[in-house]
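Summary of the model geometry
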Amino acid sequence: MAKVTELVAKLAAPAVEAAGCELWDVEYVREAGVWYLRLYIDKAGGVDILDCETVSRAVSGLLDEADPIEGSYTFEVSSAGAERPLKRPGDFARFMGSPVLVKLYKGRDGRKEFAGELSGYEDGAITITMGGEAVTFQANEVALCRLRVEF
């Protein structure tokens, strides 16, 4: 049986695209005893509250009709955000050369966070360039890799 997030992504993607947006991610998590179903969307020029409302209304109806989740949950639609996590190979390809922050499960050289420019991605291994030096992190070391906004 497919995961809830996969089912919802298949169901929601056409409605999100019809609203002129891209489905970035689907999250189904339990927080403080409440289940949350979150859709993260993106579009060129950025997402605004009207985009979120349009997608929410369209997908909410589809979820009510298909009923892919047993029990109650809170449904939210949000922008993927400027500092969005990168998860899929396509995400890394799209943002190659961008500033990122890599967080590790276990420290390396006394640190668990490394900021640099995304310079490579292969089979889950992430390479960033910091101060002219390339550093590679294996997939099993990386807890999170997200875009980083520089000021």
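Criteria and cut-off values
- Residues numbered from 1 in each chain as written.
- Predicted model: local features only at pLDDT ≥ 70, side-chain atom pairs only at ≥ 80, totals over all residues.
- Heavy atoms only, no water.
- Axes fitted to C-alpha atoms, helices over the stretch in contact; angles between N-to-C directions.
- Helix = DSSP H or I, 4+ residues; strand = E, 2+ residues; numbered from the N terminus.
- Parallel < 35°, antiparallel > 145°, perpendicular 65-115°, else oblique.
- Left-handed = near helix turned anticlockwise from the far one by under 90°.
- Contact = heavy atoms within 4.5 Å.
- Nonpolar A, V, L, I, M, F, W, Y, C, P; charged D, E, K, R; others polar.
- Pairing = 2+ DSSP bridges.
- Patch = residues over 30% accessible without salt bridge, like charges linked within 9 Å, V, L, I, M, F, W, Y side chains within 5 Å.
- Areas by Shrake-Rupley, 256 points an atom, 1.4 Å probe, with all protein chains shown as cover.
- Salt bridge = Lys/Arg side-chain N within 4 Å of Asp/Glu carboxyl O.
- Lys, Arg positive; Asp, Glu negative; His and termini not counted.
- Charge placed at Lys NZ, Arg CZ, Asp CG, Glu CD.
- Buried < 20%, exposed > 50% of the residue type's maximum accessible area, 1.4 Å probe, protein only.

Orientation of helix H1 (residues 4-18) relative to helix H2 (residues 49-66), taken along the N-to-C sense of each, is 140°, at an axis distance of 9 Å. The orientation of H1 relative to H2 falls into the category oblique. Helix-helix and strand crossings are classified by hand; for H1 and H2 the assignment is right-handed. In this structure, H1 uses Val8, Leu11, Ala12, Ala15 and Val16 to contact H2, whose residues at the interface are Val55, Ala58, Val59, Leu62, Leu63 and Ala66. Of the residues that constitute the contact of H1 with H2, the class distribution is 11 nonpolar, no polar and no charged.

On to the sheet that holds strand E4 (residues 99-108). Sheet architecture is open: five strands sit in the order E7-E6-E5-E4-E8, paired in antiparallel fashion. With one partner strand each, in any of the chains shown, strand E7 (133-137) and strand E8 (142-147) form the two edges of the open sheet. Strand-to-strand twist of the sheet, defined as the mean angle between neighbouring strand axes without regard to direction, takes the value 40°.

A cluster of acidic side chains, namely Asp64, Glu65, Asp67 and Glu70, defines a negative patch on the protein surface. With respect to the helices, strands and loops of the structure, Asp64 is situated in helix H2.

Let's shift gears to the sheet that holds strand E3 (residues 74-79). Sheet strands associate in pairs through backbone hydrogen bonding, adopting either a parallel or an antiparallel arrangement. Judged by pairing direction, the sheet is mixed, and its three strands sit side by side in the order E1-E2-E3 without closing on themselves. Each edge of the open sheet carries a strand with a single partner, namely strand E1 (22-31) and E3. Between one strand and the next, the sheet's axes are offset by a mean angle of 20°, whatever the strand orientation. Where E1 and strand E2 (residues 34-42) come together, nine bridges link them in antiparallel fashion. Considered in E2, the bridge of Val26 is made with Leu39.

By the element assignment, Leu63 lies in helix H2. On the accessibility criterion, Leu63 (2% relative accessible area) is buried. C-alpha separation for the pair Leu63 and Ala139, spaced 76 residues apart in sequence, amounts to 34 Å. Residues in contact with Leu63, not counting those within four places in the same chain, are Val8, Leu11, Leu37, Pro68, Tyr73 and Phe75.

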